[in-house]
Structure formats: C-alpha cells, structure tokens
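Each chain is listed here by its residues.
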Amino acid sequence: MAHSKALLVLENFIAGKFVPCSSYIDSYNPSTGDVYCSVPDSGKEEVEAAVRAAKDAFPAWSSKSPLERSRIMNKLADLIEHDLEEFAQAESKDQGKTITFARTVDIPRAVHNLRFFASSILHHTTECTEMASMGCVHYTSREPVGVGMPHGVVNVVFGTGAKAGEALVCHPDVPLISFTGSTLTAQRITEKSAPHCKKLSLELGGKNPAIVFDDADLSQCIPTTLRSSFANQGEICLCTSRIFVQRGIYSEFVKRFVAEAKKWKVGNPSDPTVNMGALISKEHLEKVRSYVKRAQAEGARILCGEGVDSLDLPAGNHKGYFMLPTIITEVRDESCCMQEEIFGPVTCVVAFDTEEEVVERANGVKYGLAATVWSSNVGRVHRVARRLQSGLVWTNCWLVRDLNLPFGGMKASGIGREGAKDSYEFFTEVKTITIKH
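Every value quoted in this text rests on a predicted model; they were computed, and no experiment measured them.

From N to C terminus, the chain includes 13 helices and 21 strands. With the C-alpha coordinates of the chain rotated into their principal frame, the extents come out at 75 × 65 × 40 Å. Counting contacts in the chain only where the partners sit at least 6 residues apart, residues at least 24 apart contribute 70% of the total. Carbon and sulfur atoms provide 55% of the accessible area of the chain, an area that totals close to 21600 Å². Across the chain, 49 positive and 52 negative side-chain charges occur, with their mean positions spaced 1 Å apart.

Between helix 3 (residues 84-95) and helix 4 (residues 99-120), the least distance of the axes is 8 Å, while the angle of their chain directions is 120 degrees. The orientation of helix 3 relative to helix 4 falls into the category oblique. Crossing hand, helix 3 versus helix 4: right-handed. Facing Leu84, Glu85, Phe87, Ala88, Gln89, Glu91 and Ser92 of helix 3, the residues of helix 4 in contact are Ile99, Ala102, Arg103, Asp106, Ile107 and Pro108. Broken down by class, the residue content of the contact of helix 3 with helix 4 amounts to seven nonpolar, two polar and four charged.

This part is about the UniProt feature "active site" (unreviewed entry) in the chain. Per the UniProt record, "active site" (unreviewed entry) is annotated on Glu203. Considering the arrangement of structural elements, one finds glutamate 203 in strand 10 (residues 199-203). With residues near it in sequence (within four places) discarded, glutamate 203 still touches Phe179, Thr180, Gly181, Cys237, Leu369, Phe407, Ser413 and Glu418.

Positive phi values are uncommon outside glycine, yet phenylalanine 343 reaches one of about 60 degrees. On the secondary structure map, phenylalanine 343 appears in the loop between helix 10 (336-339) and strand 15 (346-352). Taking relative accessible area as the criterion, phenylalanine 343 reaches 31% and is therefore assigned partly exposed. Positive phi outside glycine occurs at lysine 411, with the angle close to 50 degrees. Examined against the element boundaries, lysine 411 turns out to sit in strand 19 (residues 410-411).

Grouped together as the largest cluster of nonpolar side chains are 31 residues, with contacts concentrated most on Ile211, Ile328 and Cys337. Among the elements of the structure, helix 9 (282-297), helix 10, strand 15, helix 11 (355-362), strand 17 (370-374) and helix 12 (378-387) are those that each provide at least two residues to this core. Broken down by element, the residue count for this core peaks at five residues, all from helix 9. The residues touching isoleucine 328, leaving out its near neighbours within four places in the chain, are Ala295, Ala300, Arg301, Ile302, Cys337, Val346, Thr347, Cys348 and Val349. Listed in part, the 30 residues of the second largest apolar core include Ile249, Val254, Leu303 and Leu324.

Moving on, we come to the sheet that holds strand 7 (residues 128-131). Pairing is antiparallel in the open sheet, where three strands are placed in the order 7-8-21. Looking at the sheet topology across the chains shown, the edges are occupied by strand 7 and strand 21 (428-436). For this sheet, the mean inter-axis angle between neighbouring strands, taken without regard to orientation, is 25 degrees.

As a further point, take the side chain of threonine 372. Here threonine 372 lies in strand 17. Every residue in contact with threonine 372, bar those within four places of it in the chain, is listed here: Pro209, Ala210, Ile211, Thr240, Trp394, Cys397 and Trp398.

Turning our attention to the sheet that holds strand 10. Two modes of strand pairing occur in sheets, parallel and antiparallel, and in both the strands are linked by backbone hydrogen bonds. Taken in spatial order, the three strands make up an open sheet running 9-10-20, and their pairing is mixed. Single-partner strands in this sheet number two, and they are strand 9 (176-180) and strand 20 (414-415). In this structure, strand 9 lies alongside strand 10, joined through five bridges in parallel fashion. By the bridge assignment, leucine 176 is partnered in strand 10 with lysine 199. Each of strand 9 and strand 10 touches helix 6 (residues 183-193); the most contacted strand, strand 10, lies at about 175 degrees to it.

Burial along strand 18 (residues 392-395) is one-sided: the face carrying Leu392 and Trp394 is buried and the face carrying Val393 and Thr395 is not. Sheet topology places strand 17 next to strand 18; four bridges connect them, and they run parallel. Bridge assignment links alanine 370 to a residue of strand 18, and that residue is leucine 392. A crossover connection joins strand 17 to the parallel strand 18 through helix 12; in handedness this β-α-β unit is right-handed.

A word on the pattern of salt bridges. The final tally for this structure, using the stated rule, is 26 salt bridges. One salt bridge in this structure joins aspartate 34 and lysine 319, with 2.7 Å as the shortest N-O distance. Here the residue aspartate 34 occupies a position in strand 6 (residues 34-40), and lysine 319 occupies one in the loop between strand 13 (301-304) and strand 14 (326-329), the gap between them amounting to 285 residues. Aspartate 34 gets classed as partly exposed once you look at its relative accessible area, which sits at 34%. For lysine 163, the salt bridge goes to aspartate 41, with nearest N and O atoms at 3.2 Å. On the criterion of sequence distance, the pair formed by lysine 163 in helix 5 (residues 161-170) and aspartate 41 in the loop between strand 6 and helix 1 (44-62) is long-range, its members being 122 residues apart. Note on lysine 163: relative accessible area 37%, which makes it partly exposed. Overlapping salt bridges, with partners in common, bring together Asp215, Glu355, Arg380 and Arg383 in one network.

Parameters at a glance
- Residues numbered from 1 in each chain as written.
- Predicted model: local features only at pLDDT ≥ 70, side-chain atom pairs only at ≥ 80, totals over all residues.
- Heavy atoms only, no water.
- Helix = DSSP H or I, 4+ residues; strand = E, 2+ residues; numbered from the N terminus.
- Contact = heavy atoms within 4.5 Å.
- Areas by Shrake-Rupley, 256 points an atom, 1.4 Å probe, with all protein chains shown as cover.
- Lys, Arg positive; Asp, Glu negative; His and termini not counted.
- Charge placed at Lys NZ, Arg CZ, Asp CG, Glu CD.
- Axes fitted to C-alpha atoms, helices over the stretch in contact; angles between N-to-C directions.
- Parallel < 35°, antiparallel > 145°, perpendicular 65-115°, else oblique.
- Left-handed = near helix turned anticlockwise from the far one by under 90°.
- Nonpolar A, V, L, I, M, F, W, Y, C, P; charged D, E, K, R; others polar.
- UniProt positions renumbered as here; feature names shortened; annotations may be inferred.
- Buried < 20%, exposed > 50% of the residue type's maximum accessible area, 1.4 Å probe, protein only.
- Core = buried A, V, L, I, M, F, W, Y, C linked by side-chain atoms within 4.5 Å.
- Pairing = 2+ DSSP bridges.
- Right-handed = clockwise from strand over helix to strand, strands pointing away.
- Salt bridge = Lys/Arg side-chain N within 4 Å of Asp/Glu carboxyl O.

Written out as structure tokens, the structure reads:
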C-alpha cells in the first residue's frame, strides 16, 4: 500500500506482493462524506494474475500437514490481534461503523474464527467400511479445493462486481465460489458460474422476524431487540427488521421500545459514547430513507427516527451518511418494508393474536435466514422454532454463535452452510477409495 498525507492508495496483493493498478475508484469515508482512499478498479488482467498465483502455490500448500496449516493460521491470528487497534480504526473509517463495534466485535471475531478453524482442522476424521464377503475395504479421503496463507495462496483483488467479480466467477480455474451479499448478485453469480459446474456457498439477505409472546421477559427482550434491530446501523444480515408482538403486551412493548431507541446516540464513530455510526454509502442511505418514505405513503406511522426526530451531528460529520434508529408501526405485511431487505436502522413493529397466525406471517417472505423467539414457555419455543422457515432461530437471545454448528439460510437467503463440519466439506472434495485384498 502506498500512503500520502491526504490520501490512502490501496494496491492489489498478488503472489505475495503489493501490485499497483492502472485505474482507481474513489472510496468515501461514510462518517464525513469525503474521499479518503483510492481503490484499484481491477479487471480480467488482475484476476488472471491472482488466479495464476493461487494455482502455482496450491500444490505445495495443499500438501502441508494439518498441523503445519494450523500453525500458520494461529500465527495469522496472533498478528491480527497484535495490531487489533490499527485494524479497528481502519475498519471504522472504511465502513462508518463505531470504533467500539470494530474494536469489540469485528476484529476480535476475526481472530477467534482463525483460531477456531486452526484447531478444527486437527480433529476431522474420515469414513471407512468393510465388505468382508468381497474382501474389500472402503475409505474416504478429502482433497483440498481452496487455498491458504503462503505467497501466492492468498490474493486480494479490489474492484467492482461487474469487472473484477465477473472475471473471477467466470474463470475456469476457480473451482468454487463463497459469496456473502445480496440475493440479486447471487443470481448473477449462479448464472455465470453454471457452465463451469462450480461449487457455490451463498450467504445472502434476510428479512428476519422477532416474535414476542405475552409471557416474554421484556427487561431482557427490549434491550436485546434494540441491538438486533440497530447494531452496526442495521447493516448486519442477521438484524431484526420485523417485530411481531402479541396483542396483550403490544402497547407496552412499543412504548418502552421507542423510549429506549430514542436514547441511542448517533454520531462520530470515534466517539466511545456513540451507539450508531454512519451507513456505508450515500447511495445506500438514500435507499434506506426511501423505504421510510414509501411506508409513510402507504399510511404507516413513523414513531421515531427518520423524518420525526432531529439528528444532531458534530461539525465534521455534517456530510456523513447518518440516520437515526427508525421504528415503523401500522404497516401491512404486504408492504415493501415488511417484505424487502432494507439493511439499515429501520424496523417494523406489528401485533399478532395467535401462535398459528404469527408463524404463518413470519414465514410469509421470500427470505429465511434468521429469527428470534421470545417466550418463557419452553414447549412453545421448541414448537415455534421447528416451524419457522429460518436457517437460524434464537430463543430469548440474539447473535449467540457456536462455530461447530451450521450457519446459513433457507429460501432466497442462500445455499449451503458454514461451520466446522460444513466448511470442511465445502472446501474439500471427497473421494471414495476401494481396496480389494
């Protein structure tokens, strides 16, 4: 990477070296609205170089023992942890999120994930069966498909989806694609990769419901649902954007939920007292705001946030892409705000009467990523969790993850799962070997 006082200029990382690009894209600091960085506008040439480097490095890396690869991954985790504050500052500046969130969630989680999988690869087993009557033994082995850490194995190529992304997806020497992003982009990836029969793991959008029954502990439910709705400006695929509250406690829930949401502080991401930073881009901010306007046009009520409360920002952040936590009520299930992924600090709160009704309504979207259920009735939470069309269901909590277990969505929320076993299976090819003796 090249640095100057005024501007950071990023370079691609290919075959263990930083490589400049012939053209660049402006990148904006979301909290100020100013250009702070130039990002390579890579295309087929850069992708070709990266794929070639990975292909050349693959034989040596894939032949390393699990123990050797585990040591390298743990070393990488140590290096990230050593410079955690620098990474957190960079992540906050690039994404607009609060420094607190980057410092306590994003970077520590990256370290944790690396150490988890560094340990996980030491404990996988293969299968073996015997056919005594045939004098045969069958066993499986797993051959690596993906890549790892030494020079040429990990390559970073910046660019747009239309140029760099499409060149990567269409490249015949890229055998699998792991993608996190929108359902629309995933459809394009699926179409372009189909002629090559590539393996796909797609972690896509969500329209995640929270179901609050009348026996829920609101002292736990309300602060957790605030986090699940507005953490990281609502820019988490697992965020709650539809809250179904049983009618008997609906009024109390709304009153307390709105009162607590109004306490959330929005402002300079470097301020440790701030709860929410800026959204990722000016275009995305306008998109999120447009959903609120459409809801108003449909007759919904905006109880707090966008268009209702004033946003007081420091002088240096007036051009930033900020938005207050916004709560919408009296909105129909067919509304775009109840059907489409907004990916911002906007959530809808509606009432329901029966368990049967709320399960049907919660399932009434094309997505199926995550859901939360709030109730003190153990039988009910098990019953509802089984019936919800979601890849993940949390009960009386949110965002509690065990990397040993599968992560991923149903319906338009994705294909495949991630986790210790699932990731191992996705990034390897299984082979059955038969030995006659």
